[in-house]
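Chains, contacts and geometry: an overview
Read off the chains here:
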Amino acid sequence: MEESSLLWRLLLTSLLCCTTKQASLTVRPSRSQFFSWESVSLSCEADGSFAGWMFRRNTSDEEETTCGASWGKVDGSSCHISYIDPLDSGVYWCESIEGSTTSNTVNITVTGGEVILQSPVLPVTEGEDVTLSCKTRPTPSDLTAGFYKNGFLIGTKPAGDMTIHHVSKSDEGLYKCHTSSHGMSRPSWIAVLDGNPTNAAPPPASASASAHVVARLVFHLVVFFPYGVSTVLMVSLYRNRPTCNSE
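The structure reproduced in this document is the subject of the present report. (Residues numbered from 1 in each chain as written. Predicted model: local features only at pLDDT ≥ 70, side-chain atom pairs only at ≥ 80, totals over all residues. Heavy atoms only, no water.)

**Comments concerning the side chain of Glu38**
Cut-off, in case you're wondering: Helix and strand definitions here come from DSSP, where helices need a minimum of 4 consecutive H or I residues and strands a minimum of 2 consecutive E residues; each element is numbered from the N-terminal end. Here a polar contact means two N or O atoms within 3.5 Å. Within protein one must be a hydrogen donor candidate and the other an acceptor candidate, and residues neighboring in sequence count only if both atoms are side-chain atoms. Pairs of residues are marked as contacts when any of their non-hydrogen atoms sit within 4.5 Å.
Within the fold, Glu38 resides in the loop between strand E2 (33–35) and strand E3 (40–45). Side chain to side chain, Glu38 and Arg31 meet in a polar contact 2.7 Å long. Sequence-distant contacts of Glu38, that is, excluding residues within four places in its chain, are made with Arg31, Ile81, Ser82, Tyr83 and Ile84.

**Some words on the environment of Lys176**
So the rule is basically this: Exposure categories follow from relative accessible area, calculated using a 1.4 Å probe and restricted to protein chains: below 20% of the type maximum is buried, above 50% is exposed, and the middle band is partly exposed.
Summarising the element assignment, Lys176 is placed in strand E17 (residues 173–179). With relative accessibility at 18%, the residue Lys176 sits in the buried group. Lys176 sits 25 residues away from Gly151 along the chain, and the two C-alpha atoms are 8.0 Å apart.

**Some words on the pairing of E3**
The line we're drawing: DSSP bridges decide pairing: two strands pair if at least two such bridges lie between them.
Note: strand E1 (residues 22–28) against E3, 5 bridges, orientation antiparallel. Directly across from Leu25, in E3, lies its bridge partner Cys44. Of the pairings in the sheet, the one linking E3 to strand E7 (residues 78–81) comprises 4 bridges and is antiparallel in character. Across the sheet, residue Ser43 finds its bridge partner in E7, namely Ser78.

**Some points on the packing of aromatic side chains**
Stated precisely, the cut-off is as follows: Pairing of aromatic rings covers Phe, Tyr and the six-membered ring of Trp, with a centre-to-centre limit of 6.5 Å; geometry is then stacked below 30 degrees between planes, edge-to-face above 60, and tilted otherwise.
This structure, assessed with the given rule, holds 2 aromatic pairs. With centroids separated by 5.5 Å and ring planes inclined at 90 degrees, the aromatic side chains of Trp71 and Tyr92 adopt a geometry described as edge-to-face. Of this pair, Trp71 sits in the loop between strand E5 (65–66) and strand E6 (73–75) while Tyr92 sits in strand E8 (residues 90–96), and the two are 21 residues apart along the sequence. Each member of the pair Trp71 and Tyr92 is classed as buried.

**Considerations on the state of the cysteines**
Where we set the bar: Note on terminology: pairs of cysteine sulfur atoms within 2.5 Å are recorded as disulfides.
Counted by the stated rule, this structure contains 3 disulfides. Between the sulfur atoms of Cys67 and its disulfide mate Cys79 the distance is 2.1 Å. With the S-S dihedral at roughly 95 degrees, the linkage between Cys67 and Cys79 falls on the right-handed side. Of this pair, Cys67 sits in the loop between E5 and E6 while Cys79 sits in strand E7; the two residues are 12 residues apart in sequence, bridging distant segments of the chain. Judged on exposure class, the residue Cys67 and its partner Cys79 are both buried. Cysteine pairing for the protein chain, with bonded cysteines counted in sequence order: 1-4, 2-3, 5-6.

**Here's the deal with the environment of Asn107**
Its location among the elements puts Asn107 in strand E10 (residues 106–111). Along the primary structure Asn107 and Leu122 are separated by 15 residues, whereas in three dimensions their C-alpha atoms are 8.9 Å apart.

**Here we look at the sheet that holds strand E13 (residues 130–136)**
Short version of the rule: A fitted line through C-alpha atoms serves as each axis, taken over the contacting stretch for helices, and the angle formed by two N-to-C directions is quoted from 0 to 180°.
What the 3 strands build is an open sheet, ordered E11-E13-E16; its pairing is antiparallel. This sheet does not close on itself; its edge strands, each paired only once, are strand E11 (115–118) and strand E16 (161–164). Strand-to-strand twist of the sheet, defined as the mean angle between neighbouring strand axes without regard to direction, takes the value 15 degrees. Of the pairings in the sheet, the one linking E11 to E13 comprises 4 bridges and is antiparallel in character. The partner of Leu117 across the bridge, within E13, is Cys134.

If you want it as structure tokens, here you go:
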């Protein structure tokens, strides 16, 4: 159930992120999971400007509601949620007041349980080190945690922290942690971005060739089409010409 809920939010994220111009939404504290009654702040920026933003969210109970209406409080250029609740779990983003700019989206998960996985709320870049932390409430003196990726155990750490060194696209996936004393955390998706933007595929070479072929085709149609039409008309007129009957 938890995985399907998160996958639904990830699908919504992919639909919302497809904009031509983006702002940057940040979350403080910078993580994707929270305990009930923690405080969370959202801020938005584009081209060095922090003003003129609406903070919006989509949860399983609400669709595209705005900070200050039924949740949160607008505080200058930020949206502040004083006591976050499991019902606040959802997809968050910000929009310019005129609607021309939309930020990246973030998935926030709030649990009423006693264990969370602290992981990056924003995508990480290939080559970076990423630390995952299993946090419980209350915190025991000995916190041994198992970490799972896509349902498979990938490591057990006595201090509750695991670092993935030099992440790559293969590290992208759904992560959870488990402690014997507090159980399993909710899942969080970790996205990995290409560490070398220059590797982005250039426009296919065939595109220019195709454009050239199309241009040549249009040229031939423009030049030869009138001749073809006139030829057909001449043949038609010739066949339908009146004949003279000799006596």
